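# Survey of secondary and tertiary structure
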Amino acid sequence: MNTEEATTSNAPHIVKEEVIAAGKWVTLEKTTYIDPAGTTRIWETTKRTTRQANTEADGVGIIALLKRTLHKDCVVMVKQFRPPLGCCTLEFPAGLIDEGESAEITALRELKEETGFKGEVVGVTPVTCLDPGLSNCTTQIVLVNINGDEAENINPTQQLGDGEFVEVVLLPLDEFQTKIDGESLSHLLKKEKILVDAKVYIFGMGMAQAFFKPKEVPVLKQ
């Protein structure tokens with residue numbers, strides 16, 4: 001066996017996947033795989049049932065920047081109750097990709113439905129994973145600019161479906177990190193229990209770094 005063949009044979013890989021339970025939106029599967037040491041192992045995996053055949057991504061997350069004359073630029077956020085957590089969360093607008101849609105089309109559709117805003121796509125990330133220790137769920141982050149001076153964006157109207165309850169929250173870009181931290185967030189959102197989505201918090205950390213400490217790397221401080 002040559003080196004290339006040995007490397008290939010030792011690569012971790014899936015052996016089989018068996019459905020344990022299936023619902024309308026997700027399945028629970030027993031995943032049998034070979035680890036890098038060649039040992040057979042079992043993992044429990046959740047998967048969405050809605051992923052379209054023509055895409056590797058289940059859905060999109062939308063970082064939408066609202067730009068208005070004589071106002072600070074704001075990031076458009078959504079607050080909603082999430083049953084798995086039993087409380088409300090602060091998230092970027094997001095949604096699943098429908099059949100025949102691109103990430104860009106999905107993002108503009110979901111942004112309009114959840115927030116009422118009409119925007120313009122200015123960037124799309126590659127496919128990224130969400131919670132790889134639990135699920136194969138993937139997403140693409142779509143960057144959108146919103147012209148807040150346009151008539152339809154001055155008084156935006158949500159287009160929510162049955163059973164959807166979404167509150168729009170606008171956070172100034174240059175105060176983003178401070179607004180989503182502890183007491184500031186509680187004050188902003190009426191002191192109720194609320195969890196911030198990890199993607200949102202990481203975005204805030206990045207913006208704070210870019211705005212205030214561009215040459216400082218906090219994780220390397222002694």
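Further up the page is the structure itself.
Report follows, based on the coordinates. (Residues numbered from 1 in each chain as written. Predicted model: local features only at pLDDT ≥ 70, side-chain atom pairs only at ≥ 80, totals over all residues. Heavy atoms only, no water.)

### Topic: the sheet that holds strand β2 (residues 26-34)
Reading across the sheet, the three strands line up as β1-β2-β3 and stay open at both edges, with antiparallel pairing between neighbours. Each of the sheet's edge strands pairs with one partner strand only, and the pair in question is β1 (13-22) and β3 (40-48). Averaged over all pairs of adjacent strands, the angle between strand axes in this sheet comes to 25°, irrespective of strand direction. The pairing of β2 with β3 spans nine bridges and is antiparallel. Within β3, the residue paired with Leu 28 across the bridge is Thr 46. (Pairing = 2+ DSSP bridges. Helix = DSSP H or I, 4+ residues; strand = E, 2+ residues; numbered from the N terminus. Axes fitted to C-alpha atoms, helices over the stretch in contact; angles between N-to-C directions.)

### With respect to the pairing of strand β4 (residues 59-67)
Most of β4 is tucked away: eight of the nine residues are buried. In this sheet, strand β7 (residues 94-96) lies alongside β4 in antiparallel orientation, the contact comprising three bridges. Looking at the pairing, Gly 61 lines up with Ala 94 of β7. Relative to strand β10 (residues 138-147), β4 runs parallel, the two sharing nine bridges. Looking at the pairing, Lys 67 lines up with Asn 147 of β10. Sheet topology places β4 next to strand β5 (residues 74-82); two bridges connect them, and they run antiparallel. Of the residues in β5, the one forming a bridge with Leu 65 is Val 75. Connecting β4 to the antiparallel partner β5 that follows it, the hairpin turn spans six residues, and Leu 70 within it adopts a positive phi of roughly 65°. (Buried < 20%, exposed > 50% of the residue type's maximum accessible area, 1.4 Å probe, protein only.)

### A short note on helix α2 (residues 103-115)
In an α-helix, one turn spans 3.6 residues; hence positions three or four apart end up facing the same way. For α2, spanning 13 residues, the distance from its first C-alpha to its last is 18 Å, which sits close to the expected 18 Å at 1.5 Å a residue. Along α2, the residues classified as buried are Ala 103, Thr 106, Ala 107, Glu 110, Leu 111, Glu 114 and Thr 115. Along α2, the residues classed as buried sweep out an arc of 130° about the axis, all on the same side. Buried positions along α2 lie against β4, β5, β7, β8 (120-124), β10 and β11 (167-172). (Expected span 1.5 Å × (residues − 1). Arc of directions from axis to C-beta. Contact = heavy atoms within 4.5 Å.)

### With respect to the nonpolar core
Ranked by internal contacts, the top residues of the largest apolar core, which has 17 residues, are Val 75, Met 77, Leu 90, Phe 92, Leu 171, Phe 176 and Phe 203. Elements with a minimum of two residues in this core: β4, β5, β6 (87-91), β11 and α6 (198-212). Not counting the four nearest positions on each side in its chain, Phe 92 is found in contact with Ile 62, Ile 63, Val 75, Met 77, Val 78, Lys 199, Val 200 and Phe 203. Counting residues in hydrophobic clusters, the runner-up holds 15 residues, among them Ala 57, Leu 66, Ile 97 and Ala 103. (Core = buried A, V, L, I, M, F, W, Y, C linked by side-chain atoms within 4.5 Å.)

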